[in-house]
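If you want the building blocks of each chain, they are given just below.
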2 protein chains.
Amino acid sequence: MSPRLVATYRVRAEPGSIEARAQAIAVEQSVEMPPAAIDTARILAEVVGTVEACIDRGGGLFDIRIGLATETIGTDAGQLLNMLFGNTSLHPDVTLIGVDLPVTLAAAFPGPRIGLAGLRARLGVPDRALTGSALKPQGLDAEALAALAGRFAAGGIDLVKDDHGLADQATAPFAARVPACAEAVRRAARATGHPTRYAPSLSGPHGVMRAQIRLAREAGVDTVLVAPMIAGFATVQALAAEFPDIALLAHPALGGAARIAPEVLIGTLFPLIGADAAIFPAHGGRFGYSPTTCRRIAAAARHPPHGHPPHRHRPALPVPAGGMTLARVPELLDFYGPDTMLLIGGNLLAAGAELTAATARFVRAVADHRPPPT
Amino acid sequence: MSPRLVATYRVRAEPGSIEARAQAIAVEQSVEMPPAAIDTARILAEVVGTVEACIDRGGGLFDIRIGLATETIGTDAGQLLNMLFGNTSLHPDVTLIGVDLPVTLAAAFPGPRIGLAGLRARLGVPDRALTGSALKPQGLDAEALAALAGRFAAGGIDLVKDDHGLADQATAPFAARVPACAEAVRRAARATGHPTRYAPSLSGPHGVMRAQIRLAREAGVDTVLVAPMIAGFATVQALAAEFPDIALLAHPALGGAARIAPEVLIGTLFPLIGADAAIFPAHGGRFGYSPTTCRRIAAAARHPPHGHPPHRHRPALPVPAGGMTLARVPELLDFYGPDTMLLIGGNLLAAGAELTAATARFVRAVADHRPPPT
């Protein structure tokens, strides 16, 4: 009998109906047919989902823990997501809030290959928090984006990434943009002495992304951006396996806010399938994530919850982003701690002609920050 | 200047803040930075999203129509989804409820290649509604699933599809399951004289799905099942382009219920990127979709809203499913009309040893149904 993973769902239900709801979800996420119509004893015993616990959270909310047979998943990350939340996502009153994988299943997924420690090593930054920014807006041509990338790098920043909206548009095609930005960053990095990284954004189906990574690698790039909910989990898993030297930054686009808890989707599942860093909407910015949610995402990324040594995955780098400002750096670092990359885009870009100086101030603010006395 | 597509979002907001919210969404889904920090006139005029309308729906809800430059999308289906709802999905109070594509952008996407008319032609069914069922449960081996497929086909059903939970598991690997099921269906179809189709479920990244389709095609299969939200839009678009002879049935897994209106996601976008048929949760079954939502999904699938001749896409086949019963066939057909496939799984499987007879009753009930007098 295959071991079980446990998915935890938060369900809104009448108290009198929760047992039936829990059973229905256990069936929906496994055999998807009436158990009474199954006449194979092995399937009834080993494959039908099981209700492991049902906890009343008050206010009409219940947390139900459903055991699912790992044999229904195999080793495909897309199928993992399908069995965790495929059909049940169609019920508007259910949220996936927790995933516990047995060691054998966790070991089937790559986890971060480079991760927090590898990214630190590449950047030569052993202990302080990391700094990042984004190339925008869409509509600039490759030359203008490259000039912008060079100005960020001249300020000594650790990472310059493409805006996630940059794909392979006619105004700045990938094949023109990426070598130009990589070269601009390399040139500036030679001047500063700091090995700033440039991360282009991948788009299209798997084969196109693979060609994009090869092109980027030829341009000296070792870090790329991908949105797992748009690319598909299986695509990310395949890229992680094919390019062990390329760091994957996961972007939360299309990740929603309401139906898979962000700490599960962004903090746990993205690193599980190969993300080395997980970008997420920081509290107090343009998005509505609470401080508690943000703390949980960061903690999940840094402390992979699955498996035990030697199967425990590497920690990933949490990257809060989205409407953060230079003025908030001390507060953000006090909150997130040093094992974090702060990603500040628009607020630096608003400096206009002073972009490099603003970037240098950002970098210095992070480097000079001292943790609050505990 | 590239033409604009218009995305309509339903937003919960205070009346006094809606104009600012609308502007913020227009920026978020385009340049994603403060317009004041953009110094390129062309980008301000042509790339920054525009608020086209803002309609008070009452009860604190507003429908805002945002114009987005098609140049930000190009021709990639993943990027289409990214620009429609990437970052804005992270706001829990926003739902994507409408998409209007200009002719030029619609023409960049394939639409159904086979569609409703092509599926009817393959099955030799010019006018009545179509019938389908699903192979379950997970955990059966290839031989048992093939036997089940043969028994469905012996009842004269039009389509037997894999349960969307069947992937490439050890109990019934794709390479063993698909030829066995295809052969069982072919043998039964020879006996009945009706060209029943078998549709296996694809899983894994694009390259694996491509190999699965090739294997299926060698086994005589011309129809497959794929879940676009798990596979990724770009993967589906690529498969549609690579296999013009293979009908794609779209499964709604992971499609959620709350944040992209089902008629947009399932009824409009899935066919746009190449789905020939769109499976959706029928009202009154296991899922909570309302009759109105279901009617809209079916209408959108049948009447592609995009473009004008000759760029108008083919109609797709709407496929209500999920907890439907044989007893409801007349009511369901009165509701959905004949350009529909009814997909009844568990209720037929519950017939056990009488599966073929129950299937034949289902087929006869559909064939004998007469529309209500109008």
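Residues numbered from 1 in each chain as written. Chains lettered and ligands numbered in written order. Predicted model: local features only at pLDDT ≥ 70, side-chain atom pairs only at ≥ 80, totals over all residues. Heavy atoms only, no water.

Some remarks on the overall build of chain A
Within chain A one finds 15 helices and 12 strands. Taking 2.2 N^0.38 as the reference for a compact globule, 374 residues should give roughly 21 Å; the C-alpha atoms of chain A span a radius of gyration of 22 Å, in line with that estimate. Expressed along its principal axes, the backbone C-alpha trace of chain A runs to roughly 70 × 45 × 40 Å. Burial status across chain A gives 64% buried among its 374 residues. Counted over contacts in chain A with a minimum sequence separation of 6, partners at least 24 positions apart contribute 74%. Of the roughly 12,600 Å² that chain A leaves accessible, carbon and sulfur atoms contribute 57%. Measuring between centres, the 33 positive side-chain charges of chain A sit 7 Å from its 32 negative side-chain charges. (Helix = DSSP H or I, 4+ residues; strand = E, 2+ residues; numbered from the N terminus. Rg over C-alpha atoms; globule rule 2.2 N^0.38 Å. Buried < 20%, exposed > 50% of the residue type's maximum accessible area, 1.4 Å probe, protein only. Contact = heavy atoms within 4.5 Å. Areas by Shrake-Rupley, 256 points an atom, 1.4 Å probe, with all protein chains shown as cover. Lys, Arg positive; Asp, Glu negative; His and termini not counted. Charge placed at Lys NZ, Arg CZ, Asp CG, Glu CD.)

A closer look at the relation of the copies chain A and chain B
Expressed as a screw transformation, the operator carrying chain A onto chain B has a rotation angle of 180° and an axial translation of 0.0 Å, and the superposed copies differ by an RMSD of 0.0 Å. Within this description, the copies of the chain are treated as partners about a two-fold rotation axis. Looking at the rotation axis and the C-alpha trace of chain A, the residue lying nearest is Gly232 of chain A, at 2.3 Å. When the interface residues of chain A are mapped onto chain B, 100% of them again fall at the interface, so both copies present the same face. (Least-squares fit on C-alpha atoms with pLDDT ≥ 70 in both.)

Comments concerning the nonpolar core
Tyr9, Leu80 and Leu135 of chain A together with Tyr9, Leu80 and Leu135 of chain B are the most contacted members of the largest nonpolar core, which has 225 residues in total. Other than its neighbours up to four places away in sequence, Leu80 of chain B contacts Leu5, Ile73, Leu101, Leu105, Phe109, Leu269 and Leu272 of chain B. (Core = buried A, V, L, I, M, F, W, Y, C linked by side-chain atoms within 4.5 Å.)

Observations regarding the confidence of the model for chain A
The predicted model of chain A has a mean per-residue pLDDT of 95, with 98% of residues at 70 or higher. Interface scoring of the predicted complex returns ipTM 0.94; its pTM is 0.95. (pLDDT = per-residue confidence, 0-100.)

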